[in-house]
Amino acid sequence: MCGIVGVVAQRNVTPILLEGLRRLEYRGYDSAGVAVLADDNHLQRVRAVGKVVELERTLEATPAVGCLGIAHTRWATHGKPAEHNAHPHVSDGLAIVHNGIIENHSPLRRKLTDLGYVFTSETDTEVVAHLMAWHYRQTPDLLTAFRNTLAELQGAYALAMVHEDEPQNLYCARMGSPLVIGEGSGESYIASDPLALLQVTDRFRYLDEGDHARLTVDGCTLWDRQHSPVERPVKRYQHAALSLDKGEYRHYMLKEIFEQPEAIGNTLSGILGDNHVLTAILGPDAESRLASVDNIHIVACGTSYHAGLVARYWIESQVGLPCQVEVASEYRYRTVAVPANTLLITLSQSGETADTLAALRFAKDQGYLATLAICNVAGSSLVREADWRLLTQAGPEIGVASTKAFTTQLVALLWLTSALLQVRGRAADQVAANVAALRQLPALIDQVLALEPAIAALAERFANKHHALFLGRGPHYPIAMEGALKLKEISYIHAEAYAAGELKHGPLALVDENMPVVSVAPSDSLLEKLKSNLEEVRARGGQLITFACETVEQPGADGDTIRLPQVDDIISPILYTIPLQLLSYHVALVKGTDVDKPRNLAKSVTVE
Ligand code: HGA
């Protein structure tokens, strides 16, 4: 999604801005731009459609040099990807960049047009630029004009603004979209994600909703939504053990698939005892409050939603608690019945997913016993706003298609299942078995990763295919859903997942020799049922590709079956995720798509 970077310094800020934009590239965007205040106090704005490298080329022809500047990568929500829609937007000597959506942009546009402002873009953002200019005409105090502008905006924003009249000041504000302030020596920064600034600082202040700030080379002054001065603590960014570069790998996605043993090992370290789980990591009162949980609601989007669906099987079968799982974009807009003593769990890799964050905020007034965020980013909004947090230690995930974030979420959810059992003083054997199974995961995943060449060979079969079916049963049904999502995301092949028992209720009509049918067939209590479902596919000429356990006779014809190690049923969904990730990766290679930055998609979905 969109990225923001801003710098005020005593040197040329353009290289810092560009490096910041490059570090945000992984999030997906369609155009980029900078505005820099030159020594003669004139704003220079340069924008380009496409990658940051296009902006750099444009800047070579039209250099922008100065000590104050803002920059942006845009993922269009209002107005097509085009240079005239790229940020920054300007008006009367000011420039702004914006992440989010201004929901009342239409009435504001009408009002500003009536006032004589001429719009040059179709974006919602340009109204903010003209509104700001208009308020500055009414009150020649930039901070007051900035506040008066913010007061008129509805929707979500992270905003940065510079003005020719104040060449030493960088203004910013946040409501519903993430923004951090970076502390430097003799310079100050803002960014929508601390990753953008790690080349210049590791010290950050995280803004709260409604906060706004003025930055100078000496630091920042911060105010809350009531305009009262506030302090937000400076936190050191915890550098993840797993590095940010691609290393020997051709794509981030492949690197991240192969990092899963380490990411899971890191996530488990510090949360497991010998044969029990360490519930104290949730906080001092967590044990007694967890013991009083009678219901669970899990709310998430996309891949994280699939992790929640797997957890429902674990929680209901092992703990016996009713568990409901819902996509955040639906949950947040409906009337939710919350039984007494319900725990709300939100899941998000970035902790900034707009719908999930809004769902957490909505839940605050719904009478939940407690809220828990399972998240990969320590300082994120979700983590800061939930009662409890359980951090996955996947390290930065750069590939847009989530891999290691998903399996580490599953690990966290199995930990939570075990914690819920343990605090009830029940099934110590089951908790010990879960802990032992979790500990085996890194080595088991290494074994599955070694199957990559065989999986790559299967990928060729998808070269001319336009559709695929994924089948699973029980907790492997959500794994089939995740497999289908991965294939869609990065190879653009239409894929659907079905609980295999549903085949004959409709989707079987689609099956013929042009339909690859990928099935997740571990050796569990539903295997015989699944075999019958696969026979139905075979009888209709469907091309079966089966991921099955090494110890049992399997339904796929020879060569169509990839064998995985026999494991404890409870961790089987985690293990069977890996070959599906590898399959979609290799299909994308065959198709020649942009694996790490698939078209139309963005990492960290910070708009609704
Ligand atoms: N609404 C603005 C910014 C979009 C955005 O934040 N995307 O992540 C636009 O369309 O330009």
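Residues numbered from 1 in each chain as written. Predicted model: local features only at pLDDT ≥ 70, side-chain atom pairs only at ≥ 80, totals over all residues. Heavy atoms only, no water.

A short note on the pattern of salt bridges
Okay, step 1: Within this structure, the stated rule accounts for 29 salt bridges.
Okay, step 2: Arg27 is paired through a salt bridge with Asp193; the nearest N and O atoms lie 2.6 Å apart. Highlighted residues: Arg27 in the loop between α1 (14-24) and β2 (31-37) and Asp193 in the loop between β10 (188-191) and β11 (203-206), separated in sequence by 166 residues.
Okay, step 3: In this structure Arg27 comes out as buried when scored by relative accessible area, which is 2%.
Okay, step 4: A residue is classified by how much of its surface remains accessible, and Asp193, at 11% relative accessible area, is buried. (Salt bridge = Lys/Arg side-chain N within 4 Å of Asp/Glu carboxyl O. Helix = DSSP H or I, 4+ residues; strand = E, 2+ residues; numbered from the N terminus. Buried < 20%, exposed > 50% of the residue type's maximum accessible area, 1.4 Å probe, protein only.)

A short note on the packing of helix α13 (residues 404-423) against helix α18 (residues 572-591)
Okay, step 1: Their axes nearest at 10 Å, the elements α13 and α18 cross at an angle of 175°. Taken as axis vectors, α13 and α18 run roughly antiparallel relative to one another. Between α13, through Phe406, Thr407, Leu410 and Val411, and α18, the contact on the second element is made entirely by Ile574, Thr577, Ile578 and Gln581.
Okay, step 2: Taken together, the residues that form the contact of α13 with α18 break down as five nonpolar, three polar and no charged. (Axes fitted to C-alpha atoms, helices over the stretch in contact; angles between N-to-C directions. Parallel < 35°, antiparallel > 145°, perpendicular 65-115°, else oblique. Contact = heavy atoms within 4.5 Å. Nonpolar A, V, L, I, M, F, W, Y, C, P; charged D, E, K, R; others polar.)

Describing the environment of Ser31
Okay, step 1: If you trace the backbone, Ser31 turns up in strand β2.
Okay, step 2: Residue Ser31 is classed as buried on the basis of its relative accessible area of 0%.
Okay, step 3: Separated by 24 residues in the primary sequence, Ser31 and Leu55 place their C-alpha atoms 8.4 Å from one another.
Okay, step 4: If we skip the residues at most four places from it in the chain, Ser31 touches Ala48, Val49, Gly50, His72, Thr73, Arg74 and Ala86.

Some points on the pairing of strand β18 (residues 342-348)
Okay, step 1: Burial analysis of β18 places seven of its seven residues in the buried class, which makes it a mostly covered element.
Okay, step 2: Burial along β18 is two-sided: the residues Thr342, Leu344, Thr346 and Ser348 and Leu343, Ile345 and Leu347 are all buried.
Okay, step 3: Relative to β18, strand β16 (residues 295-300) is paired through five bridges, and the arrangement is parallel. What sits directly across from Ile296, in β18, is Leu343. (Pairing = 2+ DSSP bridges.)

Side note on the UniProt feature "domain: SIS" (unreviewed entry) in the chain
Okay, step 1: Residues annotated in UniProt with the feature "domain: SIS" (unreviewed entry) correspond here to residues 286-426 and 458-598.
Okay, step 2: Structurally, residues 286-426 comprises 45% helix and 20% strand, and the distance from its first C-alpha atom to its last is 17 Å. (UniProt positions renumbered as here; feature names shortened; annotations may be inferred.)

A closer look at unusual backbone geometry
Okay, step 1: Cis geometry is found at the peptide bond from His87 to Pro88, where omega equals 0°.
Okay, step 2: Here Pro88 lies in the loop between β4 (68-74) and β5 (89-91).
Okay, step 3: The backbone of Asn341 sits at a positive phi, close to 60°, despite the residue not being glycine.
Okay, step 4: Position of Asn341 among the secondary structure elements: in the loop between α10 (328-331) and β18.
Okay, step 5: With phi around 70°, Asn600 is a residue other than glycine that occupies positive phi space.

Section: the sheet that holds β5
Okay, step 1: Spatially, β5-β6-β7-β8-β12-β13-β14 is the arrangement adopted by the seven strands of the open sheet, whose pairing is antiparallel. Two strands lie at the open edges of the sheet, namely β5 and β14 (229-230), each paired on one side alone.
Okay, step 2: Two elements, β5 and strand β6 (residues 94-102), share three bridges in a ladder whose sense is antiparallel. If you follow Ser91 over to β6, its bridge partner there is Leu94.
Okay, step 3: Each of β7 (155-163), β8 (170-175), β12 (212-216) and β13 (219-223) touches helix α5 (residues 142-152); the most contacted strand, β8, lies at about 20° to it.

A closer look at the sheet that holds strand β23 (residues 516-521)
Okay, step 1: Here five strands make up an open sheet; going across it, the order is β22-β21-β23-β24-β25 and the pairing parallel. The open sheet is flanked by β22 (494-499) and β25 (561-564), the only strands paired with a single partner. Neighbouring strand axes in the sheet, compared pairwise and without regard to direction, differ in orientation by 15° on average.
Okay, step 2: Inspection of the sheet shows strand β21 (residues 467-472) paired to β23 by three bridges, in the parallel sense. Bridge assignment links Phe470 to a residue of β23, and that residue is Val518.
Okay, step 3: Docked against the sheet, α18 engages β21, β23, β24 (543-549) and β25, running at close to 145° with respect to β24.

Quick word on the packing of aromatic side chains
Okay, step 1: One pass over the structure, following the stated rule, counts four aromatic pairs.
Okay, step 2: An angle of 75° between the planes, with centres 6.2 Å apart, marks the rings of Phe204 and Tyr237 as edge-to-face. Of this pair, Phe204 sits in strand β11 while Tyr237 sits in the loop between β15 (234-236) and α6 (252-258), and the two are 33 residues apart along the sequence.
Okay, step 3: For Phe204, a relative accessible area of 0% puts it in the buried group.
Okay, step 4: In this arrangement the basic side chain of Lys51 is found over the ring face of Tyr29, its NZ or CZ atom lying 5.5 Å from the centre. (Phe/Tyr/Trp six-rings, centres within 6.5 Å; stacked < 30°, edge-to-face > 60°. Lys NZ or Arg CZ within 6 Å of the ring centre and 35° of its normal.)

Some details on the site of the ligand
Okay, step 1: Of all residues adjacent to the ligand, which total 15 residues, the nearest are Cys2, Arg74, Thr77, Gly100 and Asp124.
Okay, step 2: In this structure, Thr77 approaches the ligand through a side-chain N or O atom, which is 2.7 Å from a nitrogen atom.
Okay, step 3: For the ligand, whose accessible area on its own is 310 Å², the fraction buried by protein is 100%.
Okay, step 4: Per-element tally for the shell around the ligand: the top contributor is β6, with three residues.
Okay, step 5: A per-class count over the shell around the ligand returns five nonpolar, eight polar and two charged. (Near = heavy atom within 4 Å. Polar contact = N/O pair within 3.5 Å; in protein donor to acceptor, adjacent residues only side chain to side chain. Areas by Shrake-Rupley, 256 points an atom, 1.4 Å probe, with all protein chains shown as cover.)

Quick word on the pairing of strand β3 (residues 43-49)
Okay, step 1: Here seven bridges tie β2 to β3, and the two strands are oriented antiparallel to one another. Bridge pairing in β3 links Val34 to Val46.

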